Amino acid sequence: MASVTGLDGIVAAETELSLVDGKNGVLVYRGYEAKELALHNSFEEVAYLLWHGELPSTEALNASRKHWAEQRRLPAELKAVLNLLPLESDVMSVLRTATSVLGTISHQEAEWPLDFERILANTLMLPTIIAYHYRRSQGLTPIEPDPQLDHVANYLYMLTGTVPQQIHVKVLTAYLILAMEHGMNASTFAGRVVLSTQSDLASALCASIGAMKGPLHGGAPSEVLHMLDAIGNKENAESWLREELKAGRKLMGFGHRIYKTNDPRAEALRHLMTELAAEDPWFDLAIHVEKVAVELLNEYKPGRKLYVNVEFYAAAVMRAIALPTSLFTPSFTLSRMVGWTAHLLEQTSCNRIFRPQSVYIGALPVSLRNRS
Ligand SMILES: CC(C)(COP(=O)(O)OP(=O)(O)OC[C@H]1O[C@@H](n2cnc3c(N)ncnc32)[C@H](O)[C@@H]1OP(=O)(O)O)[C@@H](O)C(=O)NCCC(=O)NCCS
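Residues numbered from 1 in each chain as written. Predicted model: local features only at pLDDT ≥ 70, side-chain atom pairs only at ≥ 80, totals over all residues. Heavy atoms only, no water.

Chemist: How do you make sense of the UniProt feature "active site" (unreviewed entry) in the protein chain when you look at a structure like this?
Modeler: If you check UniProt for "active site" (unreviewed entry), the listed places come out as His-256 and Glu-311 in our numbering. A stretch of 56 residues holds the annotated residues, and the largest C-alpha distance among them is 10.4 Å, short enough that they meet in one place. Within the secondary structure, His-256 sits in the loop between helix H12 (234-246) and helix H13 (264-277). Overall, the relative accessible area of 22% leaves His-256 in the partly exposed class. Once you skip the residues sitting within four places of it in the chain, His-256 turns out to touch His-182 and Arg-265. Engagement of the side chain of His-256 in a polar contact is seen with the backbone nitrogen of Ile-258, the distance being 2.9 Å. Structurally, Glu-311 can be placed in helix H15 (residues 310-320). The buried category is assigned to Glu-311, whose relative accessible area is 6%. Discounting chain neighbours no more than four positions away, the residues touching Glu-311 are Tyr-175, His-217, Ala-220, Pro-221, Val-224 and Phe-332. (UniProt positions renumbered as here; feature names shortened; annotations may be inferred. Helix = DSSP H or I, 4+ residues; strand = E, 2+ residues; numbered from the N terminus. Buried < 20%, exposed > 50% of the residue type's maximum accessible area, 1.4 Å probe, protein only. Contact = heavy atoms within 4.5 Å. Polar contact = N/O pair within 3.5 Å; in protein donor to acceptor, adjacent residues only side chain to side chain.)

Structure follows, in structure tokens:
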């Protein structure tokens, strides 16, 4: 039996959550195009859709807004642990640790199937944990969540201490909605594998966060920013990108396992960014780099169909709203947490333990070498 590296093309589950159509560049969440949801709906509405299967009525939305606002505060036990962590700790490691701590203080290990209230609490506390550690690391006092603000505005408020501009909330909301769910990606799969053993929520989420941390998955946006900073100006773009490709290095923000055409999420963000950054020279550089990179990828990697992916324009969004690079992957994580947990609920509803096989290619003992 031949192995399939990276499980490329292997179907591991059926899902009602999202359709990722890589050939036509389409992303659908439970019957709605994600790019439309990103432009017209709130974070709360799309999370509700993924968790419950339908967009909320006005009454349901108002009730969840109130309930959500109450759940964003961190328990004292968690704050005590966060206060012990080194200030220079990487935020993703802090999120993984905090998620594990939440598992110990809420006795999640006793739960099967999952308790939705726990899922909600873990998801809603994530922005507070990020902001808490970020402000500590900057020598600033952490800020309590403001129950009057919606989820995304409150996140920016807890980071900066000021109520954010509406346009900043709009572009960040669009990015977070577009990043919320994406089929059987590495972090979602990691979480589903752990949960399939009937393990607890915290263990599954720690696995997902660990997978998200890697630069080939959730770490790409900050790498994109470093790349654009290193390129510096349009004149430098072609020679810089050529050198990278000649050296056999990957261009961050390009290529995707599923999308073999433009990533619809990148297109939606590019479109939205023109509203915010028409006069931003950095955004102009990003547009130019995309064009040159796609041409060069076609030259150096013909037939591989490498185009811009969501992380490229995610970097543009997060830079435009002045989010520090250390918070790029954590921000992606607070959004993908919705997709992960929706998948975990789906996994519990039709659980069978994941158990793929491996092909042994090592040495055999002498006694077994002549077997047919
Ligand atoms: C996303 C990614 C991990 C997909 O990986 P994958 O499906 O395993 O694709 P592969 O790594 O097998 O790539 C296929 C070929 O295209 C090349 N390739 C893929 N992405 C590339 C990139 N960004 N820059 C240069 N070459 C790239 C590979 O080197 C490989 O070339 P080869 O056939 O000569 O060996 C990969 O495209 C990548 O590393 N991109 C950069 C990181 C990134 O932007 N991640 C965010 C994803 S949303």
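Picking up after the structure, the text goes on.
Chemist: Looking at this structure, I do not really get unusual backbone geometry. What am I missing?
Modeler: With glycine set apart, most residues show a phi of negative sign, and most peptide bonds adopt trans. Positive phi values are uncommon outside glycine, yet Gln-198 reaches one of about 65°. With relative accessibility at 47%, the residue Gln-198 sits in the partly exposed group. Positive phi, close to 55°, is recorded for Lys-305, a residue that is not glycine. Inspection of the secondary structure assignment puts Lys-305 in the loop between helix H14 (281-300) and H15.

Chemist: What am I meant to see in the sheet that holds strand S2 (residues 26-29) here?
Modeler: Paired through their backbone hydrogen bonds, the strands of a sheet run either parallel or antiparallel. Here we have 3 strands laid out as an open sheet, ordered S1-S2-S3, and antiparallel in their pairing. Pairing within the sheet leaves two strands with one partner each, and these edge strands are strand S1 (18-21) and strand S3 (32-33). (Pairing = 2+ DSSP bridges.)

Chemist: I'm lost on the domain arrangement of the protein chain in this one. Help?
Modeler: For interface size, the figure often reported is the accessible area lost on association. Each assigned domain of the protein chain is listed here: domain 1 (16-215 + 325-349) and domain 2 (220-320). On a C-alpha basis, the centroid separation for the pair domain 1 and domain 2 is 26 Å. With 26 residues of domain 1 in contact, the opposing surface of domain 2 contributes 26 residues. When the buried area of domain 1 at its contact with domain 2 is split by residue, Val-171, Tyr-175 and Phe-328 rank highest and sum to 28% of it. If you look at where domain 1 meets domain 2, you find 2 residue pairs in polar contact (both at pLDDT 80 or more). Put simply, the parts of the chain that give the side of domain 1 that touches domain 2 at least two residues each are S1, S2, helix H1 (34-40), helix H8 (166-178) and helix H16 (328-349). Ranked by the residues each element gives to the side of domain 1 that touches domain 2, the list is headed by H8, at 8 residues. Partitioned by chemical class, the residues of the side of domain 1 that touches domain 2 number 13 nonpolar, 8 polar and 5 charged. (Domains from an automatic or database assignment. Buried area = accessible area lost by both parts, 1.4 Å probe. Nonpolar A, V, L, I, M, F, W, Y, C, P; charged D, E, K, R; others polar.)

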